[in-house]
Amino acid sequence: MASSTKEISKDLPPLLRLYKDGTVERFLGSPIIPPIPLDPQTGVSSKDITISQNPLISVRIHLPNLTNPTQKFPILVYFHGGAFCLESAFSFLHQRYLNIIASQSNVLVVSVEYRLAPEHYLPAAYDDGWFSLKWAASHSIMNNNNIVTGEPWLIKHGDFDRFYIGGDTSGANIAHNLLLRVGSGVESLPGDVKIKGSILAFPLFWSSKPVLSENIDLHEESSPMKVWNFVYPDAVNGIDNPLINPLASEALGLDNIGCTKMLVFVAGNDDLRDRGIWYYDAVKESGWKGDVELVHVEGEEHCFQIYHPETKNSVDMVNRIASFLV
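Description of the structure in this document. (Residues numbered from 1 in each chain as written. Predicted model: local features only at pLDDT ≥ 70, side-chain atom pairs only at ≥ 80, totals over all residues. Heavy atoms only, no water.)

Here strand 6 (residues 73-79) lies mainly inside the structure; 7 of its 7 residues are buried. Sheet analysis places strand 6 next to strand 8 (residues 158-168), joined by 7 bridges and oriented parallel. Within strand 8, the residue paired with Tyr 78 across the bridge is Gly 166. Note that strand 6 and strand 7 (residues 108-113) share 5 bridges and pair parallel. Along strand 7, the bridge assignment pairs Ile 75 with Leu 108. Read from strand 6 through helix 1 (residues 92-105) to strand 7, the crossover connection turns out right-handed. (Buried < 20%, exposed > 50% of the residue type's maximum accessible area, 1.4 Å probe, protein only. Helix = DSSP H or I, 4+ residues; strand = E, 2+ residues; numbered from the N terminus. Pairing = 2+ DSSP bridges. Right-handed = clockwise from strand over helix to strand, strands pointing away.)

Before going further, it helps to spend a moment on the sheet that holds strand 9 (residues 197-201). With mixed pairing, the 8 strands of this open sheet are ordered in space as 4-5-7-6-8-9-10-11. What marks the edges here is a single partner per strand, and that holds for strand 4 (45-53) and strand 11 (291-297). For this sheet, the mean angle separating the axes of adjacent strands, direction not counted, is 20 degrees. Sheet strands touched by helix 4 (residues 170-183): strand 6, strand 8, strand 9 and strand 10 (261-267). Its angle to strand 8, the strand with the most contacts, is close to 130 degrees. Running over the sheet, helix 8 (residues 312-324) touches strand 8, strand 9, strand 10 and strand 11 and is turned about 170 degrees from strand 10. (Axes fitted to C-alpha atoms, helices over the stretch in contact; angles between N-to-C directions. Contact = heavy atoms within 4.5 Å.)

We now examine the environment of Val 24. Relative to the helices and strands, Val 24 is located in strand 3 (residues 24-26). With 14 residues separating them along the chain, Val 24 and Lys 10 place their C-alpha atoms 9.7 Å apart. Once residues within four sequence positions are removed from consideration, Val 24 is found in contact with Leu 16, Arg 17, Leu 18, Pro 118 and Glu 119.

When two helices pack together, their arrangement is given by the angle between the helix axes and by the axis-to-axis distance. At a closest axis distance of 10 Å, the pairing of helix 2 (residues 124-138) and helix 4 adopts a crossing angle of 60 degrees. By the angle class used here, helix 2 and helix 4 are oblique. Helix-helix and strand crossings are classified by hand; for helix 2 and helix 4 the assignment is right-handed. Touching Ala 125, Tyr 126, Gly 129, Trp 130 and Leu 133 of helix 2 are Asn 173, Ile 174, Asn 177, Leu 178, Arg 181 and Val 182, all from helix 4. Of the residues in the contact of helix 2 with helix 4, the class split is 7 nonpolar, 3 polar and 1 charged. (Parallel < 35°, antiparallel > 145°, perpendicular 65-115°, else oblique. Left-handed = near helix turned anticlockwise from the far one by under 90°. Nonpolar A, V, L, I, M, F, W, Y, C, P; charged D, E, K, R; others polar.)

Moving on, we come to the state of the cysteines. Summed over the entire model, instances satisfying the criterion amount to 0 disulfides. Unpaired in terms of disulfides, Cys 85 finds its nearest cysteine sulfur in Cys 303, a separation of 13 Å. The structure places no disulfide on Cys 259, whose sulfur is separated from the nearest cysteine sulfur, that of Cys 303, by 20 Å. Using a relative accessible area of 8% as the deciding quantity, one classes Cys 259 as buried. (Disulfide = S-S within 2.5 Å.)

The next subject is the sheet that holds strand 1 (residues 8-12). Taken in spatial order, the 3 strands make up an open sheet running 1-2-3, and their pairing is antiparallel. Of all strands in the sheet, those bounded by a partner on one side alone are strand 1 and strand 3. Here the average twist between neighbouring strands, direction ignored, is 15 degrees. Relative to strand 3, strand 2 (residues 16-19) runs antiparallel, the two sharing 3 bridges. Across the sheet, the residue bridging to Leu 18 is Val 24, located in strand 3.

Note on pairing: side chains with opposite charge can pair once their charged atoms come close. This structure, assessed with the given rule, holds 16 salt bridges. Across the pair Arg 320 and Glu 293 runs a salt bridge whose closest N-O atoms are separated by 2.4 Å. Within this pair, whereas Arg 320 is found in helix 8, its partner Glu 293 is found in strand 11, the two being separated by 27 residues in sequence. With relative accessibility at 23%, the residue Arg 320 sits in the partly exposed group. Here Glu 293 falls in the partly exposed class, since its relative accessible area comes to 34%. (Salt bridge = Lys/Arg side-chain N within 4 Å of Asp/Glu carboxyl O.)

Once that is clear, we can look at the packing of aromatic side chains. The full count for this structure, using the stated rule, is 8 aromatic pairs. Relative to Phe 163, the ring of Phe 160 has its centre 6.1 Å away and its plane inclined at 20 degrees; by these criteria the two rings are stacked. Both rings, one in Tyr 164 and one in Phe 324, keep their centres 5.8 Å apart while their planes meet at 55 degrees; by these two values the pair is tilted. Taken together, the positions of Tyr 164 in strand 8 and Phe 324 in helix 8 put the pair 160 residues apart, joining distant regions of the chain. Among the residues examined, Tyr 164 registers a relative accessible area of 0% and is labelled buried. Overall, the relative accessible area of 6% leaves Phe 324 in the buried class. (Phe/Tyr/Trp six-rings, centres within 6.5 Å; stacked < 30°, edge-to-face > 60°.)

Here we come to the packing of helix 1 against helix 8. Interaxial distance between helix 1 and helix 8 falls to 9 Å at its minimum, and their mutual angle equals 50 degrees. With respect to helix 8, the axis of helix 1 lies oblique. The hand of the helix 1/helix 8 crossing is right-handed. Every residue of helix 8 that contacts helix 1 at Tyr 97, Ile 100, Ile 101, Gln 104 and Ser 105 is listed here: Met 317, Val 318, Asn 319, Ile 321 and Ala 322. When grouped by side-chain class, the residues that make up the contact of helix 1 with helix 8 number 7 nonpolar, 3 polar and no charged.

In structure tokens:
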């Protein structure tokens, strides 16, 4: 293979390798597939929209089966996982999973294709997330006369009184940080859209100190520590940057979370389990006025519902999400 003759710049096993010529070899992730105009399994239609040329940001929109031509759906702006450096809104796994979410929850999903490290180190993904959230919300102040400039599915079928955000792992981390940006009042969303709720599945947070039952001896060699140092090498305070450690001394208070309800998932066999419980406890104790619920799925691995959507635990998780997105 040609790659064996190239000089390695950085390694992040088992995820990827960066070569000195700038090329990246990714070892994990599902194949990219095109959107499906009408998915035979779910009845969901999907399409891709480029929302920014510089930087290049795209979204894949998943529209449930319409029972009438003017039907309105809740909106879920979704950020995929993959340690800020893998996977895609256009991947097979997320296409399949979000079609299921759209169908079972009867929700319009805007799945964001944000820039990945190491081609684009953090904070690029956060910037793309904020741009995408504003883009989606901007359709609240459009009508059918704006269809040339706006996205017709959002204008015709989006219910901006039921506007949600969410994600899995690194995507849940992005969603959390956007919630703080909205809730702190630094900048409001177009049309003064309010985020009704958020779904954080197996959120990626970490810090320099272990919490709960995390392994003290292996903490410095932990996967989240290695990932963060790789995807954001210039982060102020490193692993205690507020973007990855929501309880860092410089972090905004969790009482600033900009939605009224939150659903946090953790899995029993996930290395991020205790961190998700820690986050949930911190939100509860922060003085935040919203409602937060923790769903602890015993005996499951990280992101099990995306890899194995047919199992009972995965079906139960999707049903729980559907009952939240109302």
